[in-house]
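# Geometric and topological summary
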Number of protein chains: 2
Amino acid sequence: MVTSSDESSQFLPRFNESGLITCVTMDSTTQDILMVAYMNEEALQETLRTGRAVYYSRSRKALWRKGEKSGNWQEVQEVRVDCDQDCLQLLVKQTGGAACHTGRHSCFYRRIKSGQSTELEFIDQNRLFDPTQVYGKSSTE
Amino acid sequence: MVTSSDESSQFLPRFNESGLITCVTMDSTTQDILMVAYMNEEALQETLRTGRAVYYSRSRKALWRKGEKSGNWQEVQEVRVDCDQDCLQLLVKQTGGAACHTGRHSCFYRRIKSGQSTELEFIDQNRLFDPTQVYGKSSTE
């Protein structure tokens, strides 16, 4: 059923029971999906205000200013919202080219091998930075 | 911190406390993000077995064989997984071109107006099917 909210011009993001909204971040140049993360209301407002992607880290229970440690900021070009407004899509310019904490361009660097259900193969082994140099051994951002 | 699971060739999807995993579905031809949905273990296994996208509908609490009602199946070309294996990316061939229940190509057909935080603008008003004809007035798939 198509609801009035599907056709609304009002931005009314629907945060889940934990106060979070899913966010898919895409490289605006390559159209690769870089990562999927979460925002709370504060992270979303800071993102819109500053033009840099800010997420909410569920493990650290704190705002996660992407690039704060690595210098690999995400400059937000566009924020899209889906039909029922419970998911966001960010189009960003990825500083340094790498969004993943492993040093790779995208977090989606493995795929299930064709015809299999348990085995993965790597589609990107190129590291744009050395994660142990950037993060040491204790943190990811 | 880069963990051994980040570099593993074993597919070990991490379902959340509700038994679900987030799934971002991309059109393999246009590289547009079509939709974001969820899978439980059963939906994932059926997707891998049949090569057609099957999700789990949180509202209906049931398997959601995408296209069952509309005929707009998603033929799965590739399944990727992210670094910590709590998110999947599907690359699909979208039958009929429309993934959204509103009849549009993608669920992400609106963006926040530049410099604003509450107003949306439509970036796609082209409906590839009439949702009231396909779904009637009570269901979306």
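Because the structure is a prediction, the values reported are computed rather than measured.

### Overview of helix 1 (residues 41–50) of chain B
Think of an α-helix as turning once every 3.6 residues; residues three or four places apart then point the same way. All names here are of chain B. Inspection of helix 1 places Ala43, Leu44, Glu46 and Thr47 among the buried residues, and these make up the whole buried set. The buried residues of helix 1 occupy an angular sector of 165° when the element is viewed end-on, so they sit on one face. More than 90 degrees from the buried face of helix 1, the exposed residues found are Glu42 and Arg49. The inward-facing, buried residues of helix 1 contact strand 2 (33–39), strand 3 (54–57), strand 4 (62–65), strand 5 (74–81) and strand 6 (87–94).

### A few points about the pairing of strand 5 (residues 74–81) of chain A
Residue and element names in this part refer to chain A. Across the eight residues of strand 5, six count as buried, placing the element largely inside the fold. Note that strand 5 and strand 6 (residues 87–94) share seven bridges and pair antiparallel. The partner of Val76 across the bridge, within strand 6, is Val92. Hairpin geometry of strand 5 and strand 6 is characterised by an intervening segment of five residues between the two adjacent antiparallel strands and by a positive phi of about 55° at Gln85.

### Side note on the interface of chain A and chain B
Taken together, the contact pairs 55 residues of chain A with 55 residues of chain B. Contact between chain A and chain B buries roughly 4500 Å² in total, counting both sides, with carbon and sulfur atoms accounting for 55%. Three residues, A:Met1, A:Phe108 and A:Arg110, lead the burial of chain A against chain B; their summed loss comes to 15% of the area buried on that side. Between the two partners, chain A and chain B, sit eight salt bridges. When the shortest N-O distance is used, the salt bridge between B:Arg127 and A:Glu7 registers 3.2 Å. Where chain A packs against chain B, one counts 33 residue pairs in polar contact (both at pLDDT 80 or more). Elements with a minimum of two residues in the side of chain A that touches chain B: strand 1 (21–27), strand 2 (33–39), helix 1 (41–50), strand 5, strand 6, strand 7 (110–112) and strand 8 (120–122) of chain A. Element by element, the count of residues in the side of chain A that touches chain B is highest for strand 5 of chain A, at four residues. Taken together, the residues of the side of chain A that touches chain B break down into 23 nonpolar, 18 polar and 14 charged. As paired elements, strand 5 of chain A and strand 7 (residues 110–112) of chain B share two bridges and run antiparallel to each other.

### A short note on the sheet that holds strand 7 of chain B
One open sheet accounts for six strands, arranged 2(A)-1(A)-6(A)-5(A)-7(B)-8(B); its pairing is mixed. Unpaired on one side and paired on the other, strand 2 of chain A together with strand 8 (120–122) of chain B mark the two borders of the sheet. For this sheet, the mean angle separating the axes of adjacent strands, direction not counted, is 30°. Strand direction decides the pairing type here: strand 1 of chain A and strand 6 of chain A, joined by six bridges, are parallel. Bridge pairing in strand 6 of chain A places A:Met26 opposite A:Leu91. On the sheet, helix 1 of chain A packs against strand 2, strand 5 and strand 6 of chain A together with strand 7 of chain B and is oriented at approximately 125° with respect to strand 2 of chain A.

### Points about the packing of aromatic side chains
The description of an aromatic ring pair uses the distance of the two centres, along with the angle that the planes make with each other. Going through the model one piece at a time under the given rule, you end up with six aromatic pairs over all chains. Pairing A:Tyr109 with A:Phe122 gives two aromatic rings, centres 6.0 Å apart and planes at 20°, and the pair type is stacked. Of this pair, A:Tyr109 sits in the loop between strand 6 and strand 7 while A:Phe122 sits in strand 8, and the two are 13 residues apart along the sequence. Under the relative-accessibility criterion, A:Tyr109 is labelled buried at 1%. Under the relative-accessibility criterion, A:Phe122 is labelled partly exposed at 23%. Seen in terms of ring centroids, B:Phe129 and B:Tyr135 are 5.9 Å apart; in terms of plane orientation they differ by 75°. Their pairing is edge-to-face. What makes B:Phe129 buried here is its relative accessible area of 14%. The buried category is assigned to B:Tyr135, whose relative accessible area is 5%. Sitting over the ring of B:Trp73, B:Arg52 keeps its end group 4.0 Å from the ring centre.

Basis of the calculations
Residues numbered from 1 in each chain as written. Chains lettered and ligands numbered in written order. Predicted model: local features only at pLDDT ≥ 70, side-chain atom pairs only at ≥ 80, totals over all residues. Heavy atoms only, no water. Buried < 20%, exposed > 50% of the residue type's maximum accessible area, 1.4 Å probe, protein only. Helix = DSSP H or I, 4+ residues; strand = E, 2+ residues; numbered from the N terminus. Arc of directions from axis to C-beta. Contact = heavy atoms within 4.5 Å. Pairing = 2+ DSSP bridges. Buried area = accessible area lost by both parts, 1.4 Å probe. Salt bridge = Lys/Arg side-chain N within 4 Å of Asp/Glu carboxyl O. Polar contact = N/O pair within 3.5 Å; in protein donor to acceptor, adjacent residues only side chain to side chain. Nonpolar A, V, L, I, M, F, W, Y, C, P; charged D, E, K, R; others polar. Axes fitted to C-alpha atoms, helices over the stretch in contact; angles between N-to-C directions. Phe/Tyr/Trp six-rings, centres within 6.5 Å; stacked < 30°, edge-to-face > 60°. Lys NZ or Arg CZ within 6 Å of the ring centre and 35° of its normal.

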